[in-house]
Amino acid sequence: MVAYKSKVVERIHLPSRTRREQALEDAGYNVFNLAAEEVFIDLLTDSGTGAMSDAQWAALVRGDESYAGSRSFDDLEAAVEAVMGFSNVVPTHQGRGAENVLYGSLLSDGDVVLNNTHFDTTRAHVANQGAEPVDCPVESAHDPTADEPFKGNFSLEAARAVVDDVGAERVSVVIQTVTNNSAAGQPVCVENTRDVAAFADEIDATFVIDACRFAENAAFVARREAEFADTEIDDIAREQLGYADALVMSGKKDGLVNAGGFVATDDDALFEQCKQRAILYEGFPTYGGMAGRDVAAMAAGLSEAVEEAYVTDRIEQVRRLATMLEDAGVPIYTPAGGHAVYLDAGTALSHLPPEAFPGQAMVCALYQEGGVRGVELGSFAFPDTDRPELVRLAIPRRTYHTEHLEHVVETAVAVLEESESIPGLELVSEPEMPEIRHFTAELEPLSS
C-alpha cells in the first residue's frame, strides 16, 4: 500500500543518445562527473536525494538559526533520544563529517578497525587516522546468489582471526554497519549485534554502529528474525542500537533529509572529545555545520523513518524493482537489500576480467542506453579487495514511481542484450588516495 501522495513535482528530460555519449566521454567515463541535467533516472545514491514530507518542510520554516542554543538542536536531541536511545548528540554537516569527528576522536596511528564491511568514506577516514581498516563479512556476503536472511552480518570468526594475528590491544574500534551497504545493502540481525557488542567488550574496544539505514534494517529484522516477529519497528531500532557505545549517522539516509548527520553516544568522556573536534571541523555543537532549519527537518525525519507505513513502502519499492529485473533475466544480487538493487556485473559482462572494470563498464552502458545513473561498487571503487563486481541502483526515498522503475528495467535488459559488445575500461587519471578514487578518477574504453 502506498504511504504518501505527491504535492510537488519536477520535470525531467531524457537527453538524446548522441548527447549522452558525448556527456559520458566528457565525464571521463565516470558518472560522478556528469551534470545532473544530463541524467534521466538518477540512482547514483539514496544519500540526500529523497523527497521530504510536508511535516519536514514545515520544520524548515520553523527552524531556529541561532548560532548557539538553537531550539532546532533541542528538537534533534529529543528525537535522537526517543528514536535511537542516546542522550548525547553532536550534529555534523553529513555522515562523513560525523566519521571525521568520531574516528578522529577514537583512533591513533597503528590501530586496527574491524567492520562487517567498511564503506568507502569510512575506510578513508580510518586510513586517514593512520589506522588499518579490516573487513569481517560473513562468507555469504560476497555470494550474489546465496539465499540467506542476514548476509550483512559481522563475522566473529574472521574478527577473532584478526585479533589472534595483530593482538587485541591494537583493535581499538569495532564497527557494525546497518544495513551493510558495501555488501549489497544486506541487513544485520539483532542477535549478531549482541554478539559483536560482547566481542568488543571482551577485547576492550569501542563498539560503533554506523546507523545510516537503521530503520530499514529494523524492518528486515521484523520480517526475518523470529524473536522480533511481533515487535514494532521503533522498538527494534532502539534495541539494536542500544548495544553500541556510539553511533555515527548520515541523516541523508534514514534521517530523510538532504543534508546533515551526527554522532551520538552515552559515553560522557567520548561526547566531550567529539564536541571539541566538531567545533574545529564542523561548527558550534548545536548546529554542527548545518542550518538550523536542516537540523529541525532531520529531527522530524528520524521519527518518520520508523513509521511502519513509510518503511514498508520503502522496502517494498526496492523489492519490486528487484523482482522486475529478475523476471526480465537481469542477474542481480539476492535477496534484495533495503535501499538498492545490486546488478551482478561480473555475470552480465563475463567476458571482461576484473582489471577491465566490468562494473564500471556496465554503469557507463546503463547511462548510454537509457540515461540511468548507477554506481559501481566493485574493483573500481574498492581496489585491492576481494569482492564481486556489483552495480548499485540506489532508489531515492519517496521520489520515483513504477513508470521510472520500468524504464530502469527496460534499460538494463537492452544493455544485457548487447553485453558482449561492451568494452572494458582503463584508468587515465586517479587521486592519490585509492579509497576514494572512484569519485573523481577518469577512464577510457579499452581498444579492441
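Our subject is the structure that appears above.
Remember, it's a predicted structure, so these values are computed and weren't measured experimentally.

Rules of the game
Residues numbered from 1 in each chain as written. Predicted model: local features only at pLDDT ≥ 70, side-chain atom pairs only at ≥ 80, totals over all residues. Heavy atoms only, no water. Pairing = 2+ DSSP bridges. Helix = DSSP H or I, 4+ residues; strand = E, 2+ residues; numbered from the N terminus. 1 Å grid on protein atoms, 1.4 Å probe; cavity = no way out; pocket = protein on both sides within 12 Å on 5 of 7 lines; lining within 4 Å. Points joined across faces, edges and corners; volume = space filled by probe spheres on them. Nonpolar A, V, L, I, M, F, W, Y, C, P; charged D, E, K, R; others polar. Salt bridge = Lys/Arg side-chain N within 4 Å of Asp/Glu carboxyl O. Buried < 20%, exposed > 50% of the residue type's maximum accessible area, 1.4 Å probe, protein only.

Caption draft 1: A look at the sheet that holds strand 12 (residues 390–394). What the 3 strands build is an open sheet, ordered 9-12-11; its pairing is antiparallel. A strand with exactly one partner marks an edge of an open sheet, and here the two such strands are strand 9 (340–344) and strand 11 (375–376). Here 2 bridges tie strand 11 to strand 12, and the two strands are oriented antiparallel to one another. When the bridges of strand 12 are listed, Val-375 appears paired with Arg-392.

Caption draft 2: Spatial organisation of empty space enclosed by the protein. Here the structure, examined in full by the defined rule, presents 2 cavities of 30 Å³ or more. Lining the largest cavity we find Asp-46, Gly-50, Ala-51, Lys-252, Leu-256, Val-257, Arg-397 and Arg-398. Per-class residue counts for the lining of the largest cavity are 3 nonpolar, 1 polar and 4 charged. There is about 40 Å³ of room inside the second largest cavity. Asn-30, Val-31, Phe-32, Gln-360, Val-363, Gly-374, Val-375, Glu-376, Phe-380 and His-438 together form the lining of the second largest cavity. Contributions of two or more residues to the lining of the second largest cavity are made by helix 14 (358–370) and strand 11. Class assignment of the residues belonging to the lining of the second largest cavity gives a composition of 5 nonpolar, 4 polar and 1 charged.

Caption draft 3: Representation of unusual backbone geometry. For the bond from Val-178 to Thr-179, the omega torsion is -20 degrees, close enough to zero to count as cis. Its location among the elements puts Thr-179 in the loop between strand 5 (171–177) and helix 7 (190–202). In the segment running from Thr-334 into Pro-335, the intervening peptide bond is cis, with an omega of -10 degrees. Relative to the assigned elements, Pro-335 resides in the loop between helix 12 (308–327) and strand 9. With a phi close to 55 degrees, Tyr-29 is a non-glycine residue in the positive phi region.

Caption draft 4: How the structure looks around the pattern of salt bridges. Applying the stated rule across the entire model yields 25 salt bridges. The partner of Arg-19 in a salt bridge is Glu-38, with the nearest N and O atoms 2.7 Å apart. One end of the pair, Arg-19, is in helix 1 (residues 17–26); the other, Glu-38, is in the loop between helix 1 and strand 1 (41–42), and 19 residues separate them in sequence. By relative accessible area, which is 35% here, Arg-19 ends up partly exposed. A salt bridge links Glu-132 to Arg-170, with the shortest nitrogen-to-oxygen separation between them at 3.9 Å.

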